[in-house]
Amino acid sequence: MVRAISVGFLGLILAAGIGCAKSPEEKAKSQADEAIATLNSNASSIDAMGTPRGTWSEGELTKYEGLLNTLEGDITRVESFDGKDGVIIMGSWSLIDMRRKISHNRGILREAHTARARLQLADKHDQLRDLQGQDFAELQKLGDIDSSWPREKLLVYLSLLEKIETRQHGMDELKVQLRMSRTPADFWQHLKVLKNLATDVLKDKPAHQAS
């Protein structure tokens, strides 16, 4: 017996007949039909998920990849029914076409993973920027460095400068991966001037001085 079907995956239609397995030959027919039905079901599940995007969750991307892997296994099983009791693909699409489609969708999936990773990097960058904004706000509350500042205030000022510097380095590392422009040199120069000034004033403050 030779089975004839048309294949549907991501917009294609796969149809198969279901027979009753009473003899060895009909049992083989039933197994082939079952394999085709499973193939059709998993292809429909992939269709229902749509096109992978960077905004998908990691779980969604993993599920999609799992369905692609399952579908490849389904194709291998369908292909195993050859010869007298096999399956012949007819029409414009074949199992080979489906394999090509799966390969194409794996490429889209890789792009989605890349886009998701970029979004995560951008989110980390924004988080550091927001935290640094809070540091700058605290720094402005302290005002300009003055020799009359007590030691404790100078230490708080220097601590904020260290945080700002650390966060900026973190953002620069992310900017490299995001292919963004790094921090201008004058930012680092200004930060260095403030740190040196605060350090020099601190040197003249006895360690036991109270605020």
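Up top is the structure.
Just so it is clear, the model here is predicted, and its values are computed rather than measured.

About the thresholds
- Residues numbered from 1 in each chain as written.
- Predicted model: local features only at pLDDT ≥ 70, side-chain atom pairs only at ≥ 80, totals over all residues.
- Heavy atoms only, no water.
- Core = buried A, V, L, I, M, F, W, Y, C linked by side-chain atoms within 4.5 Å.
- Buried < 20%, exposed > 50% of the residue type's maximum accessible area, 1.4 Å probe, protein only.
- Helix = DSSP H or I, 4+ residues; strand = E, 2+ residues; numbered from the N terminus.
- Phe/Tyr/Trp six-rings, centres within 6.5 Å; stacked < 30°, edge-to-face > 60°.
- Expected span 1.5 Å × (residues − 1).
- Arc of directions from axis to C-beta.
- Contact = heavy atoms within 4.5 Å.
- Salt bridge = Lys/Arg side-chain N within 4 Å of Asp/Glu carboxyl O.

A. The nonpolar core, seen in detail. If you look at the biggest cluster of nonpolar residues, it comprises 21 residues, and the most contacted ones within it are L39 and Y64. The set of elements that each furnish at least two residues to this core consists of α1 (24–49), α2 (58–79) and α3 (95–142). Residues L139, W149, V201 and L202 belong to the second largest nonpolar core, which totals 14 residues.

B. Quick look at unusual backbone geometry. If you check the backbone angles, R179 has positive phi at about 60 degrees while not being a glycine. On the secondary structure map, R179 appears in the loop between α4 (151–178) and α5 (185–203). Taking relative accessible area as the criterion, R179 reaches 79% and is therefore assigned exposed.

C. Main features of the packing of aromatic side chains. Counted under the stated rule, the structure contains three aromatic pairs. With a centroid separation of 5.3 Å and an interplanar angle of 65 degrees, the aromatic rings of W149 and Y157 are classed as edge-to-face. A single burial state applies to W149 and to Y157, both of which are buried. Ring geometry for F187 and W188: centres 5.4 Å apart, planes at 90 degrees, overall edge-to-face. Take F187: its relative accessible area is 22%, and that puts it in the partly exposed class.

D. Focus on α2. The terminal C-alpha atoms of α2 lie 32 Å apart, and with 22 residues this matches the ideal 32 Å at 1.5 Å per residue to within 8%. Three or more residues of α2 are buried, namely L61, Y64, L67, L68, L71, D74, I75 and V78. In a view along the axis of α2, the buried residues occupy a sector of 135 degrees, so they form one face of it.

E. The arrangement of the side chain of R106 in detail. One can find R106 in helix α3. Residues contacting R106, with those up to four places away along its chain left out, are E65, L68, N69 and E72.

F. Structural context of the pattern of salt bridges. This structure, assessed with the given rule, holds 11 salt bridges. Residue R99 pairs with E79 through a salt bridge whose shortest N-O separation is 2.8 Å. Taken together, the positions of R99 in helix α3 and E79 in helix α2 put the pair 20 residues apart, joining distant regions of the chain. Residue classification places R99 among the partly exposed residues on the basis of a relative accessible area of 29%. Overall, E79 belongs to the partly exposed group, its relative accessible area being 35%. Where D126 meets R129, a salt bridge forms, and the shortest distance between an N and an O atom there is 3.4 Å. One end of the pair, D126, and the other, R129, are both in helix α3, three residues apart, so they sit about a helical turn from each other. With a relative accessible area of 30%, D126 lands in the partly exposed category. On the accessibility criterion, R129 (42% relative accessible area) is partly exposed. If you follow the salt bridges from partner to partner, you end up with D126, R129 and D130 in one network.

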